Structure formats: C-alpha cells, structure tokens
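Listed below are the residues making up each chain.
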Amino acid sequence: MLRSASEKDNIEIRTSNKVTGLLTSSDGSVTGVSVQNADGSSYTLTSKAVIIATGGFGANLDMVTRLQPSLSGFATLNHPGATGDAFGWMAAVGGATIQMANIQIHPTAEATNHILITEAVRGNGAILVNKYGQRFCNEMETRDVVSAAILKQAGGEAFLVFDQAVRKSLASIETYANQHLLSEGSTVEESASRVNIPAERLSESISRYNAQQEKGLDDDFGRSATEMPTRLETPPFYAVRVKSAIHHTMGGLSVNTETQVLRADGSPIPGLYAAGEVTGGLHGANRLGGNGVADIVVNGRLAGLAASKKLK
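Since we're looking at a predicted model, the values are computed, not measured.

Analysis parameters
- The numbering scheme is per chain: residues are counted from 1 as the chain's sequence reads.
- Under the rules for a predicted model, residues below a pLDDT of 70 receive no local features and side-chain atom pairs below 80 are neither given nor counted, while totals for whole chains, interfaces and linings still include all residues.
- As a rule here, side-chain values come from all non-hydrogen atoms in the structure, and water together with hydrogens is ignored.
- Each helix corresponds to a stretch of at least 4 residues labelled H or I by DSSP, and each strand to a stretch of at least 2 residues labelled E; elements are numbered beginning at the N terminus.
- For each residue, the accessible area found with a 1.4 Å probe, counting protein chains only, is set against the maximum for its type, and the residue is called buried under 20%, exposed over 50%, and partly exposed in between.
- We call a set of buried Ala, Val, Leu, Ile, Met, Phe, Trp, Tyr and Cys residues a nonpolar core when their side-chain atoms join them within 4.5 Å.
- A strand pair is defined by DSSP finding two or more bridges across the two strands.
- Structural elements are reduced to axes, namely lines fitted to C-alpha atoms, with helices fitted over the stretch in contact, and the angle between N-to-C directions of any two is expressed from 0 to 180 degrees.
- Here, two residues are considered to be in contact whenever any of their heavy atoms come within 4.5 Å of each other.
- For Phe, Tyr and Trp, rings pair up if their centres lie within 6.5 Å, where Trp contributes its six-membered ring, and each pair is then called stacked (planes under 30 degrees apart), edge-to-face (over 60) or tilted (otherwise).

K.L.:
Can you help me understand unusual backbone geometry in this one?
P.N.:
The phi torsion of most residues other than glycine is negative, and most of the peptide bonds are trans. Note that the residue after P235, namely P236, is joined by a cis bond; omega there is -5°. With respect to the helices and strands, P236 occurs in the loop between α9 (199-215) and β10 (237-249). Unusually for a residue other than glycine, S16 sits at a positive phi of about 55°. Locating S16 in the fold gives a position in the loop between α1 (2-8) and β1 (17-24). Residues other than glycine seldom take positive phi values, yet N196 does so here, at roughly 60°. Position of N196 among the secondary structure elements: in the loop between α8 (188-194) and α9. According to the relative accessible area criterion, N196 is exposed, its value standing at 68%.

K.L.:
Honestly, the nonpolar core in this entry has me stumped. Any pointers?
P.N.:
One recurring pattern in soluble globular proteins: nonpolar side chains tend to sit buried together. Grouped together as the largest cluster of nonpolar side chains are 37 residues, with contacts concentrated most on V121, L128 and F162. Among the elements of the structure, β7 (127-129), α5 (143-151), β8 (157-163), α7 (172-178), α8, α9 and β10 are those that each provide at least two residues to this core. In terms of nonpolar packing, the next biggest core, distinct from the first, is built from 26 residues, L22, I52, F74 and M100 among them.

K.L.:
For this particular structure, what's the right way to read the sheet that holds β1?
P.N.:
Picture the strands of a sheet paired through backbone hydrogen bonds; they go either parallel or antiparallel. Across the sheet, three strands lie side by side as β1-β2-β3; this open sheet has antiparallel pairing. With partners counted over all chains shown, the strands left at the sheet margins are β1 and β3 (42-46), one partner each. Neighbour to neighbour, the strand axes of the sheet diverge by 25° on average, direction disregarded. Lying over the sheet, helix α3 (residues 85-93) contacts β1 and β2 (30-37), oriented at roughly 20° with respect to β1.

K.L.:
Explain the packing of aromatic side chains here, please?
P.N.:
Aromatic rings considered in pairs are described by the distance between their centres and by the relative angle of their planes. This structure, assessed with the given rule, holds two aromatic pairs. Seen from their ring centres, F57 and F87 are 5.7 Å apart, and the 90° between their planes marks the pair as edge-to-face. With a gap of 30 residues between them, F57 in the loop between β4 (50-52) and α2 (61-67) and F87 in helix α3 connect regions that are remote in the sequence.

Structure follows, in structure tokens:
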C-alpha cells in the first residue's frame, strides 16, 4: 500500500541505502542525512525536514542488555533491522531520549523458532501449563505479569494448550499450523505425550478448567467468565512450547505533540521529527498492543503533516 501510494505521487523510495547520520546547519537545524550505498560509496541528501521512523532496537541484543541487564540471554521477536541505529545519530544533534530501559517482553514466543503466538489464542480459550501439566497463572493478565509467571516455571517455559474449537475460532492459528509449531494429539493424553507433559496431570488440569469455565468462576487464578469463552473438549488437542522473548522497546527519542524531536532542555530540534517505536514516553512501562498501531498510524500522520508545514 505504501509503495503504491508513493509511486502514484512520484515519491521516491531508495532501498539498500543506509542512513549513517544527520546533517545539521550552524544553528543546529537538521538539514538532511548522510547515506551509504550497498557498494560502500556514500553521499548526502539535503532537506528542510527529516522524519525518523526507523522503529525500535529490540533486535540489538547488546543494546537491550546494556539498558536492561535482566534481559541477558533472551531471544527476540523483532525483525533483523530493529537495531536502533537512529540513537547513534542523536549525539551529533543533541537529541534526548526517554525511558530507554522500558523494554517489553512478550510471554508467548514459540520456544524454538521465536515466533510470536498472539494473545488472541489465550483470549479465545487456551490455557497455559508448566512442564508438569499444571496451570500457574491467570492467562489473561498483562504481558509483564504473564511473562513473570512463565519465567518462574521450570526451565522458564510453558505450554499453550487448546482444542480444535479454539483453533477454528482464530485464523492466525492456521499460520502457526503451517509453520509446524503445533503438537497435535487426538486425545489430551496423546497431545501431552507429544510434548513430554505428564498426561494424567494435564488431563486433570483441563478437566478442572472446564468445570470452572462451566460455572463462570476461576477459583484458582481469577480468570473472568468472559475470558473463558469455551470448554477445552473438542479433539484434536494442541500444545505449543513457549518462552518469553523481547518484543517492544517503549523507550526512545523524546518528542512533543507535534512529533518534533526534543533536546535535553525540552526545546525542539528544528527540522527533525520522529514517529513510531523509535520514540519514547508514549507507552510507559507496559505497552498495550493496540496502542502500538496508534503510535505508528496516528503519530506517523502527525509527523507527515508537521514536516509538510515545515516545507511550506
């Protein structure tokens, strides 16, 4: 969609062109970028406005662990380009950052391939059990709470367990099936054996959950009736081994409501704007998923409007 819209309006997109820094004038205004081609040659692009929309740094594990040592050894769910290059450009222009240590981990990343398993699987009825087949938390708590609960389990991992009814209710589960992430069994016991969970204990946990779902009250962990939409009773049954992984970096460049990048003293840097995960201070310590979309779409448009006013 972005490419089509850009081509329609004759907006150029340059690939394999790595930005290496920002250009500034004598008064501190940002006037463009320095760029390196794939062949190693470099050049500069000048402009009255620059918008930084480079995303977060969740794939830069050195940077992550330097800012949050407790995340040492964690896998990441981020694409390889989420390396935080833009933060290195800030020293030259005096740009400030905010809440850089606020790094979110997602509780359910498939343990081997580090593919995110969406919360909607739990929301549609799946439960979490440990390697002993026991539930250990309210699966619908916030990401930080569920992640912390998983980390306390043996091996720091858990198993997401659901049935065919849950699978049918959510199209994204078909993607996981096509990626060969699901361990399937025609019975609960067979599914347990596929992932080396004690079959009797898992069967007991599912039976207890089903009884609580039927009466609309989770006596064990407080999952509400609306968060338990279905009993787990329709074969086949599925299990996915999951671990917590680095997901989103809430910290980033300090910006104002015009998306202008700020200096440490709170003054805006003329000509420099930013939007999306590269910015900080918008989500606090624990981002809600949908707010990331607003961060991109709403603030991205605000940045575009602000930059266009600068050009005029």
